[in-house]
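# Summary of the model geometry
Now for the letters of each chain:
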Amino acid sequence: MDNLLSALQSEILPLMLQVISAIVGLIIAWAAATAKQRWGIEIEGRHREALHSAIMSGVRAALLARLPREAVISAALDYTRASVPDALKALQPNDAVLTRIVAAKLKEALDQVPQTATVGGGA
């Protein structure tokens, strides 16, 4: 009996501890990767939301100033670069992507403007 306990302690127990340590290590690595992915996506979403909000604010400000279309795009890009540098640094969109987003937001803003009704006229 003593020989069996001695064998367990000297050979089997260290092997079991190594297996358990490996399993715990894998679980910790999986949990860390899952947490990084989840929180990384949330942070990216906040940056994307801030970027789109800044672009729309820049577009609206430029429209209120009654700038021509190309000047609206340029002014909105300038406003965006000044107001959300962290989002731009994190997302790293190129100028072509930013310009397309601004153009889309400009169209969206113009679509929200109610059409002026014609006065008089009629059949």
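Residues numbered from 1 in each chain as written. Predicted model: local features only at pLDDT ≥ 70, side-chain atom pairs only at ≥ 80, totals over all residues. Heavy atoms only, no water.

Helices and strands together make up the secondary structure of the protein, namely four helices and zero strands. Traced from its N-terminal end to its C-terminal end, the protein shows the element sequence α-α-α-α. Sequence-distant contacts, at least 24 apart, represent 70% of the contacts inside the protein between residues at least 6 apart. Within the structure as shown, the protein displays about 9500 Å² of accessible surface, and the carbon and sulfur contribution to it stands at 63%. (Helix = DSSP H or I, 4+ residues; strand = E, 2+ residues; numbered from the N terminus. Contact = heavy atoms within 4.5 Å. Areas by Shrake-Rupley, 256 points an atom, 1.4 Å probe, with all protein chains shown as cover.)

The next subject is unusual backbone geometry. For Arg 66, which is not a glycine, the phi torsion comes out positive at approximately 60°. Relative to the elements of secondary structure, Arg 66 occurs in the loop between α1 (2-64) and α2 (69-83). Its relative accessible area of 75% is what places Arg 66 among the exposed residues. Positive phi is not limited to glycine here, since Gln 92 has a value of about 50°. Topologically, Gln 92 is positioned in the loop between α3 (85-91) and α4 (95-112). (Buried < 20%, exposed > 50% of the residue type's maximum accessible area, 1.4 Å probe, protein only.)

As a packed pair, α2 and α4 sit with axes 10 Å apart at the nearest point and diverge in direction by 115°. You can see that α2 and α4 cross each other, and the crossing is right-handed. The segment α2 lies against α4, with Arg 69, Val 72, Ile 73, Ala 76, Leu 77 and Arg 81 engaging Asp 95, Leu 98, Thr 99, Val 102, Ala 103 and Leu 106. Per-class residue counts for the contact of α2 with α4 are eight nonpolar, one polar and three charged. (Axes fitted to C-alpha atoms, helices over the stretch in contact; angles between N-to-C directions. Left-handed = near helix turned anticlockwise from the far one by under 90°. Nonpolar A, V, L, I, M, F, W, Y, C, P; charged D, E, K, R; others polar.)

The next point concerns α4. The terminal C-alpha atoms of α4 lie 26 Å apart, and with 18 residues this matches the ideal 26 Å at 1.5 Å per residue to within 8%. Taken together, the buried positions of α4 are occupied by Leu 98, Ile 101, Val 102, Lys 105, Leu 106 and Ala 109. Buried residues of α4, seen end-on, are gathered within an arc of 140° and therefore sit on one face of the element. Turned more than 90 degrees away from the buried face of α4, the exposed residues are Arg 100, Lys 107 and Asp 111. (Expected span 1.5 Å × (residues − 1). Arc of directions from axis to C-beta.)

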